[in-house]
Protein chains: 2
Amino acid sequence: MEYINIASIPTELTPDQFSLVYNAFSLCIAAMFAAALFFFNAKSQVGRKYQIAIIISGVVVSIAGYHYFRIFNSWETAYTLQGGAYLATGQPFNDAYRYVDWLLTVPLLLIEAVAVLALNKNISRPLLTKLAIAAVLMIGTGYVGEVADSITTRAIWGAVSTLPFLYILFILWTELSQAVERQDNRVKTLLNGMRFLLLFSWGVYPIAYLLPELGIEGATATVGVQVGYTFADLLAKPVFGLLVFSIARVKTQIDETQAAEPHSVTATNGNRAEELVGSTQ
Amino acid sequence: MEYINIASIPTELTPDQFSLVYNAFSLCIAAMFAAALFFFNAKSQVGRKYQIAIIISGVVVSIAGYHYFRIFNSWETAYTLQGGAYLATGQPFNDAYRYVDWLLTVPLLLIEAVAVLALNKNISRPLLTKLAIAAVLMIGTGYVGEVADSITTRAIWGAVSTLPFLYILFILWTELSQAVERQDNRVKTLLNGMRFLLLFSWGVYPIAYLLPELGIEGATATVGVQVGYTFADLLAKPVFGLLVFSIARVKTQIDETQAAEPHSVTATNGNRAEELVGSTQ
């Protein structure tokens, strides 16, 4: 049987097309490792019980940085500059790196999002189990579609993959909301931002995934898919991690205020979210 | 359409020209990573609320170190030694690394400069938003000029790029001055040094950028632009970071003095800046 991969790369790219993907990958390597250095060094800025979430943020962007390094090298060896155009060398461009990355990082991102809330174990454990299983199913079924031989198979597995994604959103908007009901309004506002960032950034992946279904083919599809995935990864990992860091800082500040003035517990519950994103001390 | 890039590299360099750029890049790699090691290890020397600024300094020089590593490799593969001269191999010298670097580091440098002042969030947030947007506009429009086909287009986009630069200077000299009005005179003196270093080092970039406009062409222009950008990056990142570190140390010292003798708050406000640059324990 011949191997026809709908997501396989085009035989020719213009220098601008090749460079756009190349520089997007390089930017992503720099951003991921920069974020890792930030999270590992800044973890001491938050209270001890929130540090695990920041450490996981650092681990996630480190895993992504490693994979973008591989993806960058794979892209570089997949093409060669000849007569003013980039021609495919015949070396495969390895799509599996992305899926291996997501398989490791997506459950970690969900753990990170729940860990920063420092919920009671009775509440957080079942939440995390559901989210992690759904994440693995989402990525596994998506990968089957990504390497599928036909556009129809790709569409079917893409649809199957959407079900666990919707389940994750359902859990985040129902059970997680109940779990944080008694938290400070500032935390709720940031948590809301975090959920919408997750919805928005994770929503970019299916759009990039769907490009071949929409009749966008060849060089444009490849450039669109690769730049789209890269942009989504930047939002979903370093930017998401910064939002988690903001939540940890606000919660640390609330804890410190409460420790200093035990009577003012209810006072901190006012709607002062606008003053606090990224504040310290 | 043929691809004519005014910033494209000359077909031949003398060994001295090639080596000057090559060694400047290598020096820069060493300086950036050395500075990163310093900032990440020395952050504990300053008070907790100033540590974020030092961590960001470390992140900035790490990002720059990564990009100089890439730039160095790109320079190396762009030329080959033949018959006593360095001839272009046909492999492109990737100018985009610099712009990707600036896109990530310039907003971070401005955040670093404001973060070390530990201002009230109500003051720092609008300041940072304006500065970050202006920085992205400055670099984006500059890049359009850098890769332009003609010297006229380069000049026009260079001029457009100057407007957000002037706006950044305006913000730093007006709003930031008001924001630090009540800070200690020693801090004000160091802040002034930081602003002038920023003006001076960022001023080198447009000069390097303008070399092709001034009729300086070929090998001399390329060597001038590359060495100029490298020199400017050394001032704008590690040296700038050291100045931020000095401010953090002085402010830490003031905080500790005030905590020890709460009555002497106003006494520390005297003009003793000359005694204090870089002092602490």
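Residues numbered from 1 in each chain as written. Chains lettered and ligands numbered in written order. Predicted model: local features only at pLDDT ≥ 70, side-chain atom pairs only at ≥ 80, totals over all residues. Heavy atoms only, no water.

Attention shifts here to the sheet that holds strand S3 (residues 85–88) of chain B. Residue and element names in this part refer to chain B. The sheet built from 3 strands is open, its strands ordered S1-S3-S2 with antiparallel pairing. This sheet does not close on itself; its edge strands, each paired only once, are strand S1 (12–13) and strand S2 (79–82). Two elements, S1 and S3, share 2 bridges in a ladder whose sense is antiparallel. Along S3, the bridge assignment pairs Leu13 with Tyr86. Across the sheet, helix H2 (residues 48–78) lies against S1, S2 and S3, angled at about 40° from S2, the strand it touches most. (Pairing = 2+ DSSP bridges. Helix = DSSP H or I, 4+ residues; strand = E, 2+ residues; numbered from the N terminus. Contact = heavy atoms within 4.5 Å. Axes fitted to C-alpha atoms, helices over the stretch in contact; angles between N-to-C directions.)

With 32 residues of chain A in contact, the opposing surface of chain B contributes 25 residues. Between chain A and chain B, the buried area comes to about 2200 Å², and carbon and sulfur atoms account for 58% of it. Across the contact surface, chain A and chain B share 1 salt bridge. Linking Arg48 of chain B and Glu256 of chain A is a salt bridge whose minimum nitrogen-to-oxygen distance equals 3.4 Å. Between chain A and chain B we count 7 residue pairs in polar contact (both at pLDDT 80 or more) in total. Taken together, the elements giving at least two residues each to the side of chain A that touches chain B come down to helix H1 (15–42), helix H2 (48–78) and helix H8 (218–260) of chain A. Among the elements that take part in the side of chain A that touches chain B, H1 of chain A stands out by supplying 13 residues, more than any other. By residue class, the composition of the side of chain A that touches chain B is 17 nonpolar, 10 polar and 5 charged. (Buried area = accessible area lost by both parts, 1.4 Å probe. Salt bridge = Lys/Arg side-chain N within 4 Å of Asp/Glu carboxyl O. Polar contact = N/O pair within 3.5 Å; in protein donor to acceptor, adjacent residues only side chain to side chain. Nonpolar A, V, L, I, M, F, W, Y, C, P; charged D, E, K, R; others polar.)

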